[in-house]
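This is what each chain is made of:
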Amino acid sequence: MLLDDLNLQQREAVKQIEGAVMIIAGAGSGKTRTLTYKIAYLLEQGISPYNILALTFTNKAAEEMKERIIDLTGNTAKSILMGTFHSVFARILRLEADRLGYVRNFTIYDTDDSKSVIKSIVKEKHLDEKLYSPSFILDRISKAKNNLFSSTDYLNNTELLTEDRMVKRPEIANIYKEYNFRLRRAMAMDFDDLLFNLNVLLRDCPDILDKYQQRFKYIMVDEYQDTNYSQYLIIKKLSSKHGNICVVGDDAQSIYSFRGATIRNILNFKKDYKNATIYKLEQNYRSTQNIVNAANSVIANNENQISKEVWTENEYGRKINYMNLDSDREEAFYICSAIRQRIEEEYAHYKHFAVLYRTNMQSRALEEALRLRNIPYRLYGGISFYARKEIKDILAYFRLVSNNNDNEAFLRIINYPARGIGNTTINRLKLLAAEQNTSLFNVSVQLNTLPSDINKATRDKIVEFCRMISSYSKLLDTENALNLGEEIIRFSGIKIELHKEETIEAEEKINNIEELINSLQSFVFKDDDILIDELTGEEIYQQNRTLTTFLSQVSLMTDADMDLEDNDKVVLMTIHAAKGLEFPYVFIAGMEENLFPSMLSLTSRADTEEERRLFYVAITRAQKELLITSARMRFRYGELVFSEHSRFIDEIDPEYLSQPLHTKKAFPAGNLNGNSNSNTQNTKKPILTLKKKSVSSDSKLELPKPIGGVPAHMLNKYEVGQQVVHASFGKGIILILDGEGDSRKAVVEFEDKGKKTLILRFAKLEIL
DNA sequence: AGGTACTTATAGAGT
DNA sequence: ATAAGTACCT
């Protein structure tokens, strides 16, 4: 019996399937479990999977939840429409695109595309490029869209206009208008448009609203605390017919207000939905009592919250270990030692550890230390796979084939690899496109019939390029994503171009492209079963495995959707990325004022509260043990910055800390409890000098030799083709050698682990 | 048109 | 520290 697996509160929340329900779920209280069982329960009650819509925060969460539901109730669950707001709504928008004057193949612009559009608008309007920085403008436009202000609304809104004038950027409204115009001309939507345009669709097309209201009799929303107004309104409209809506969230874990999420959605739920029932899940199954209590003591400092008491029956557990170290390097080494010690003494595995931090840039020092200590790790965030240049290049080819009007894709690849179409030509094309009010591709195909200053030879090259792209476009609906994709990659010549470089980096890029081909393959061939389109209910086989669908999926993919793999590796990620995850051992690094809480958050009470919630999220990721570190000085943008420890440390009730605060002296790195000796190198050593310019060869000599490091002159003994042995990767053959001195690298093909790029100084390769 | 050398902006979380 | 943009040379 399904309900037997749940506690009392969870069961009550699951059983109430009619009406509006809000589940306030404390950290670790089995939120996902409750949601999963609720959907399974709906199916068990005979409700059709077609009538269920479930919106989650990541695609991966949706996938996992679906799998679990299939386990519980069988294959019918496959037809439940489940995914992130953006991916589900993108699918609906594609189906109904014509009603909005879009084509089905519209492109989804990522942040880079958006910024580049803004940049060219600012340039053409001859505005001050420093004042009108793309990120500032985009942020402003994004906030407007998330609150459903169209560019016309914006232009008529005195409040917004005044705000812009106050910050000396009165032209934002006009940029917004032009930006939207250009996106539409390119048949593109940005992330916010996916939500905005669905609102427009539901507002202007009563038949469509009715259709989806009929269809979605039961709506579930996960992570409700992180929804914005635009999302809120969609849910509200869709649910207003049947009124069966269930939202799950935790106001204490709301951490996305910077991208428009508003905690009001949770706080006002009762007002918005009459007769709403609210359930609270307060028993934590994840963490020790000490961790739960410490987290409670921190979040108590926030004024705005729904009262709840998270408690646990788990063991009391260890106190939180807080360590203030001299530098970011020492912090990283301390973390490494602590990991090593726990692995040796407590039989922990690498994958049981997560190192969390506030900003992506902090990963660098940590990575370096982990590599030096031969601790395997996996980095999340930063440059994700799909954001890599070579991948974006290939995807731009796909995009242009899929949507000829995609100007950003056109600009990216028209002369990459170089085919003799330079800046002058591109500017002339832009001019023509503006005159004809159409896309760059459209003027390019008919270039020979238009008057232009472009010479014949160049014209021919452009026309030929477009002819090829067009010929691929014709195959979009008939060829699957893999066949077409591989063909386009061959046509692009990017792999040949990279091959010519003959560097390790280029080889790596080629590998990444192969990886992309793999993902095309698994996209096309995944799941041998009959596939059911959750949206239309159609049974489909290979039909929808097109390149366009692949692109849509890829552009909405995030790091959180990548598999954590079964690999035994320490995980490095930002706290934002750690939302919803849990680890036996958690480190929170960089607990310093102006870093966490971030300097930018200290101006308003609301922002500081959000930072505190972020800290709360970080603490509550830990199951067994929590370790917090800070550094007195660290490098930020190439300069040395000194900091005090974070105010949030002082907010933890000292009762839950293993040692009194204000430890002025740094402890040796291996010293976990402040009282034992250690054999690790971490005696006083010179920190890099203050002046950034002075990090010359002299001061480099001052640095301690890395453990396992080999003097540079010893690195010349390696040769391509040699058999070598690596401590953790085993046997392999050297394929490529590159670089000089300390940065000399080798690409080695290992028997079991495949190709790896190794820094020879650290890798300790033995020649066989 | 394409490549290299120098300058400058940018470092807050991410769909 | 680094990526991206610009100026200048071939």
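My aim in this report is to walk through the structure given alongside it, one point at a time. Owing to the predicted nature of the structure, the values given are computational and were not obtained by experimental measurement.

1. Considering the overall build of chain A
Moving on, step 1. Within chain A, the regular secondary structure consists of 31 helices and 24 strands.
Moving on, step 2. Scored against the burial criterion, the 768 residues of chain A give a buried share of 53%.
Moving on, step 3. Counting contacts in chain A only where the partners sit at least 6 residues apart, residues at least 24 apart contribute 74% of the total.
Moving on, step 4. A total accessible area of about 34,700 Å² is found for chain A, and carbon and sulfur atoms account for 50% of it.

2. Examining the pairing of strand β2 (residues 52–56)
Moving on, step 1. With respect to burial, β2 is a largely interior element, 5 of its 5 residues being buried.
Moving on, step 2. For β2 and strand β6 (residues 218–221), the ladder comprises 4 bridges, and the chain directions are parallel. Its bridge partner being in β6, L53 is matched across the sheet by I219.
Moving on, step 3. Here β2 pairs with strand β3 (residues 81–84) via 4 bridges, running parallel. Note that in β3 the partner of L53 across the bridge is L81.

3. Some words on the sheet that holds β6
Moving on, step 1. Judged by pairing direction, the sheet is parallel, and its 6 strands sit side by side in the order β3-β2-β6-β7-β1-β8 without closing on themselves. Taken across any chain shown, the strands that pair with only one partner, and hence form the sheet edges, are β3 and β8 (277–281). Strand-to-strand twist in this sheet, taken as the mean axis angle between neighbours without regard to direction, amounts to 15 degrees.
Moving on, step 2. Alignment of strand β1 (residues 20–25) against strand β7 (residues 245–249), held across 5 bridges, turns out to be parallel. Considered in β7, the bridge of V21 is made with C246.

4. A look at the protein's contact with DNA strand B
Moving on, step 1. Taken together, 23 residues lie around DNA strand B, and K130, R358, T558, E611 and Y637 are the ones closest in.
Moving on, step 2. Sugar and phosphate atoms represent 46% of those atoms of DNA strand B found within 4 Å of the protein.
Moving on, step 3. Between DNA strand B and the protein, one listed contact pairs a sugar or linking oxygen with a side-chain N or O atom of R259 at 3.2 Å.
Moving on, step 4. Between a phosphate oxygen of DNA strand B and a side-chain N or O atom of T424, the distance comes to 3.1 Å.
Moving on, step 5. The element contributing the most residues to the surface near DNA strand B is helix α20 (residues 423–436), with 3 residues.
Moving on, step 6. Grouping the constituent residues of the surface near DNA strand B by class yields 6 nonpolar, 13 polar and 4 charged.

5. Thoughts on the packing of aromatic side chains
Moving on, step 1. Summed over the entire model, instances satisfying the criterion amount to 19 aromatic pairs.
Moving on, step 2. For the ring pair F353 and F587, a centre distance of 6.4 Å and an interplane angle of 25 degrees mean the geometry is stacked. Taken together, the positions of F353 in strand β12 (residues 353–357) and F587 in strand β17 (residues 583–588) put the pair 234 residues apart, joining distant regions of the chain. Exposure class is identical for F353 and F587. Each is buried.
Moving on, step 3. Three or more aromatic residues link up through ring pairs in this structure, and these residues are Y397, F465, Y472 and F491.
Moving on, step 4. One residue, R545, lies across the ring of F523, its end atom 5.5 Å from the ring centre.
Moving on, step 5. In this arrangement the basic side chain of K579 is found over the ring face of F57, its NZ or CZ atom lying 3.6 Å from the centre.

6. Brief notes about the pairing of β6
Moving on, step 1. Residues of β6 alternate between two faces, with Y218 and M220 on one and I219 and V221 on the opposite face, all of them buried.
Moving on, step 2. Looking at chain direction, β6 and β7 are connected through 3 bridges and run parallel. The residue bridging V221 from the neighbouring strand is V247, located in β7.
Moving on, step 3. Assessed by its sense of winding, the connection that carries the chain from β6 through helix α12 (residues 229–239) to β7 is right-handed.

7. A look at the packing of helix α1 (residues 8–15) against helix α2 (residues 31–44)
Moving on, step 1. Their axes nearest at 9 Å, the elements α1 and α2 cross at an angle of 40 degrees. In this view, α1 runs oblique relative to α2, as classed from their interaxial angle. Taken as a pair, α1 and α2 cross one another with a handedness that is right-handed. Within the contact between the two elements, α1 uses Q10, A13, V14 and K15 and α2 uses T34, Y37, K38 and Y41.
Moving on, step 2. Here the residues of the contact of α1 with α2 sort into 4 nonpolar, 2 polar and 2 charged.

8. Thoughts on the environment of P597
Moving on, step 1. Looking at the secondary structure, you find P597 in the loop between β17 and α28 (605–619).
Moving on, step 2. A C-alpha to C-alpha distance of 7.9 Å links P597 and R647, two positions 50 residues apart in sequence.
Moving on, step 3. Not counting residues up to four positions away in its chain, the partners in contact with P597 are E592, L602, E611, S646, R647 and F648.

9. Some points on the packing of helix α6 (residues 134–146) against helix α9 (residues 172–185)
Moving on, step 1. Running from N to C, α6 and α9 cross one another at 75 degrees; their axes reach a closest spacing of 10 Å. Considering their axes alone, α6 and α9 lie roughly perpendicular with respect to each other. Residues F136, I137, L138, R140, I141, A144 and K145 of α6 form the contact with α9, whose participating residues are I172, I175, Y176, Y179 and N180.
Moving on, step 2. A class-by-class count of the residues in the contact of α6 with α9 yields 9 nonpolar, 1 polar and 2 charged.

10. A look at unusual backbone geometry
Moving on, step 1. A cis amide bond links Y416 to the next residue, P417, at an omega of -10 degrees.
Moving on, step 2. In this structure, P417 sits in the loop between α19 (407–413) and α20.
Moving on, step 3. Positive phi, close to 65 degrees, is recorded for L148, a residue that is not glycine.
Moving on, step 4. Structurally, L148 can be placed in the loop between α6 and α7 (151–155).
Moving on, step 5. One non-glycine residue, K168, adopts positive backbone phi at about 65 degrees.
Moving on, step 6. Relative to the helices and strands, K168 resides in the loop between α8 (158–166) and α9.

11. Concerning helix α23 (residues 481–492)
Moving on, step 1. Given a rise of 1.5 Å per residue, 12 residues ought to cover 16 Å, and the 16 Å separating the end C-alpha atoms of α23 matches this to within 8%.
Moving on, step 2. For α23, the full list of buried residues reads A481, L482, L484, G485, I488, I489 and S492. Along the axis of α23, the buried residues cluster in a sector spanning 165 degrees; they form a single face.
Moving on, step 3. Residue N480 occupies the N-cap position of α23, its side-chain oxygen lying 2.9 Å from the main-chain nitrogen of L482.
Moving on, step 4. A positive backbone phi angle near 75 degrees is found at G493, which sits one or two residues after α23.

12. Focus: the environment of E63
Moving on, step 1. You can see E63 is positioned in helix α3 (residues 59–73).
Moving on, step 2. Looking at E63, the relative accessible area reads 52%, which means it is exposed.
Moving on, step 3. For the pair E63 and L356, spaced 293 residues apart in sequence, the C-alpha separation works out to 25 Å.

13. Here's the deal with the nonpolar core
Moving on, step 1. Formed by 52 residues in total, the largest nonpolar core has its most connected members in L395, F398, L516 and F550.
Moving on, step 2. Excluding its chain neighbours within four sequence positions, the residues that come into contact with L516 are F385, Y386, I391, I394, L395, F398 and F550.
Moving on, step 3. Formed by 47 residues, the second largest nonpolar core is a distinct cluster that contains A20, Y102, F196 and I266.

14. Looking at the pattern of salt bridges
Moving on, step 1. Throughout the structure, instances matching the rule amount to 39 salt bridges.
Moving on, step 2. Here K579 and D226 are joined by a salt bridge, their closest N and O atoms 2.2 Å apart. Placement of the pair is K579 in the loop between α27 (575–578) and β17 and D226 in the loop between β6 and α12, with a sequence separation of 353 residues.
Moving on, step 3. Under the relative-accessibility criterion, K579 is labelled buried at 10%.
Moving on, step 4. The salt bridge partner of K308 is D251, with a shortest N-O separation of 3.1 Å. Within this pair, whereas K308 is found in the loop between α15 (289–299) and β10 (311–312), its partner D251 is found in the loop between β7 and α13 (264–267), the two being separated by 57 residues in sequence.
Moving on, step 5. Judged by its relative accessible area of 21%, K308 is partly exposed.
Moving on, step 6. With relative accessibility at 1%, the residue D251 sits in the buried group.

About the criteria used
- Residues numbered from 1 in each chain as written.
- Chains lettered and ligands numbered in written order.
- Predicted model: local features only at pLDDT ≥ 70, side-chain atom pairs only at ≥ 80, totals over all residues.
- Heavy atoms only, no water.
- Helix = DSSP H or I, 4+ residues; strand = E, 2+ residues; numbered from the N terminus.
- Buried < 20%, exposed > 50% of the residue type's maximum accessible area, 1.4 Å probe, protein only.
- Contact = heavy atoms within 4.5 Å.
- Areas by Shrake-Rupley, 256 points an atom, 1.4 Å probe, with all protein chains shown as cover.
- Pairing = 2+ DSSP bridges.
- Axes fitted to C-alpha atoms, helices over the stretch in contact; angles between N-to-C directions.
- Near = heavy atom within 4 Å.
- Polar contact = N/O pair within 3.5 Å; in protein donor to acceptor, adjacent residues only side chain to side chain.
- Nonpolar A, V, L, I, M, F, W, Y, C, P; charged D, E, K, R; others polar.
- Phe/Tyr/Trp six-rings, centres within 6.5 Å; stacked < 30°, edge-to-face > 60°.
- Lys NZ or Arg CZ within 6 Å of the ring centre and 35° of its normal.
- Right-handed = clockwise from strand over helix to strand, strands pointing away.
- Parallel < 35°, antiparallel > 145°, perpendicular 65-115°, else oblique.
- Left-handed = near helix turned anticlockwise from the far one by under 90°.
- Expected span 1.5 Å × (residues − 1).
- Arc of directions from axis to C-beta.
- Core = buried A, V, L, I, M, F, W, Y, C linked by side-chain atoms within 4.5 Å.
- Salt bridge = Lys/Arg side-chain N within 4 Å of Asp/Glu carboxyl O.

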